[in-house]
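Here's the letter readout for the chains.
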Amino acid sequence: MAFGIKTNPPKPVKGYIRREEKRVACECWFTSTGRVMPLMLKIEDESGEIQTVREIWVHSQEKKRYAGILSMEFDCTLCVRNRKVRGWLIYYQEENRWGWSFSGYHSGANIC
């Protein structure tokens, strides 16, 4: 007979985020099934101006654990200053905060 105390996390830990991340404000919709849908972001740019982003294309979403912290990661494209920016929008459920980490501009036609 074996005994366990069920201390293992439900999913493996992914480690730490190795990308630079900015804190953002996000307006989102939570569906009746618990799905999270980002609708709008507010991001502070390098000059200190607040940019409002309403065009968000979510390619995929995945639940992850970074250093044991449960998060929802969205692979998405944003339209910022008429340029498409691909990156990751991350919702940290335990801290109830949002972060944005980008990979750079799309190659080819970047205009939204």
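Keep in mind that what you see is a predicted model, and the values were worked out from it rather than measured.

Engineer: What am I meant to see in the side chain of Thr 77 here?
Structural biologist: For Thr 77, the location among the structural elements is in strand E5 (residues 69-80). At 2.6 Å, the side chain of Thr 77 and the side chain of His 59 are in polar contact.

Engineer: Is there a simple way to think about the nonpolar core in this case?
Structural biologist: Side chains of a nonpolar character, in soluble globular proteins, are inclined to be buried together. Membership of the largest hydrophobic core comes to 16 residues, with the highest contact counts inside it found for Val 24, Leu 41, Ile 43, Leu 78, Leu 89, Trp 98 and Trp 100. Within the residue set of this core, elements represented by two or more residues are strand E1 (22-30), strand E2 (36-44), E5, strand E6 (83-92) and strand E7 (97-105). At four residues, E5 tops the list of elements feeding residues into this core. Each residue touching Ile 43, except ones within four places of it in the same chain, is listed here: Lys 22, Val 24, Glu 49, Ile 50, Gln 51, Val 53, Leu 78 and Trp 100.

Engineer: Mind showing me how you'd approach the environment of Arg 54 here?
Structural biologist: Take Arg 54: it is sitting in the loop between strand E3 (50-53) and strand E4 (56-66). In this structure the C-alpha to C-alpha distance between Arg 54 and Leu 78, which are 24 residues apart in sequence, comes to 8.1 Å. Beyond its immediate stretch of four places on either side in the chain, Arg 54 contacts Leu 39 and Met 40.

Engineer: Help me out: how do you make sense of the packing of aromatic side chains in this one?
Structural biologist: Any two aromatic rings considered together are summarised by their centre-to-centre distance and by the angle between their planes. Here the structure, examined in full by the defined rule, presents three aromatic pairs. Taken together, Phe 30, Phe 74, Tyr 91 and Trp 98 form an aromatic cluster joined through their ring pairs. One cation-aromatic arrangement involves Lys 84 over Trp 57; the distance from NZ or CZ to the ring centre is 5.8 Å.

Engineer: Any chance you could explain the pattern of salt bridges here in plain terms?
Structural biologist: A side chain of one charge can pair with a side chain of the opposite charge if their charged atoms are brought near each other. This model, assessed by the stated rule, comprises six salt bridges. Note that Arg 81 and Asp 45 form a salt bridge whose closest N and O atoms lie 2.4 Å from each other. One end of the pair, Arg 81, is in the loop between E5 and E6; the other, Asp 45, is in the loop between E2 and E3, with 36 residues separating them in the sequence. Its relative accessible area of 53% is what places Arg 81 among the exposed residues. Its relative accessible area of 11% is what places Asp 45 among the buried residues. Residue Lys 64 pairs with Glu 73 through a salt bridge whose shortest N-O separation is 3.1 Å. Taking relative accessible area as the criterion, Lys 64 reaches 14% and is therefore assigned buried. With relative accessibility at 7%, the residue Glu 73 sits in the buried group.

Conventions used here
- Residues numbered from 1 in each chain as written.
- Predicted model: local features only at pLDDT ≥ 70, side-chain atom pairs only at ≥ 80, totals over all residues.
- Heavy atoms only, no water.
- Helix = DSSP H or I, 4+ residues; strand = E, 2+ residues; numbered from the N terminus.
- Polar contact = N/O pair within 3.5 Å; in protein donor to acceptor, adjacent residues only side chain to side chain.
- Core = buried A, V, L, I, M, F, W, Y, C linked by side-chain atoms within 4.5 Å.
- Buried < 20%, exposed > 50% of the residue type's maximum accessible area, 1.4 Å probe, protein only.
- Contact = heavy atoms within 4.5 Å.
- Phe/Tyr/Trp six-rings, centres within 6.5 Å; stacked < 30°, edge-to-face > 60°.
- Lys NZ or Arg CZ within 6 Å of the ring centre and 35° of its normal.
- Salt bridge = Lys/Arg side-chain N within 4 Å of Asp/Glu carboxyl O.

Such coordinate-based values are descriptive only and should not be taken to indicate function.
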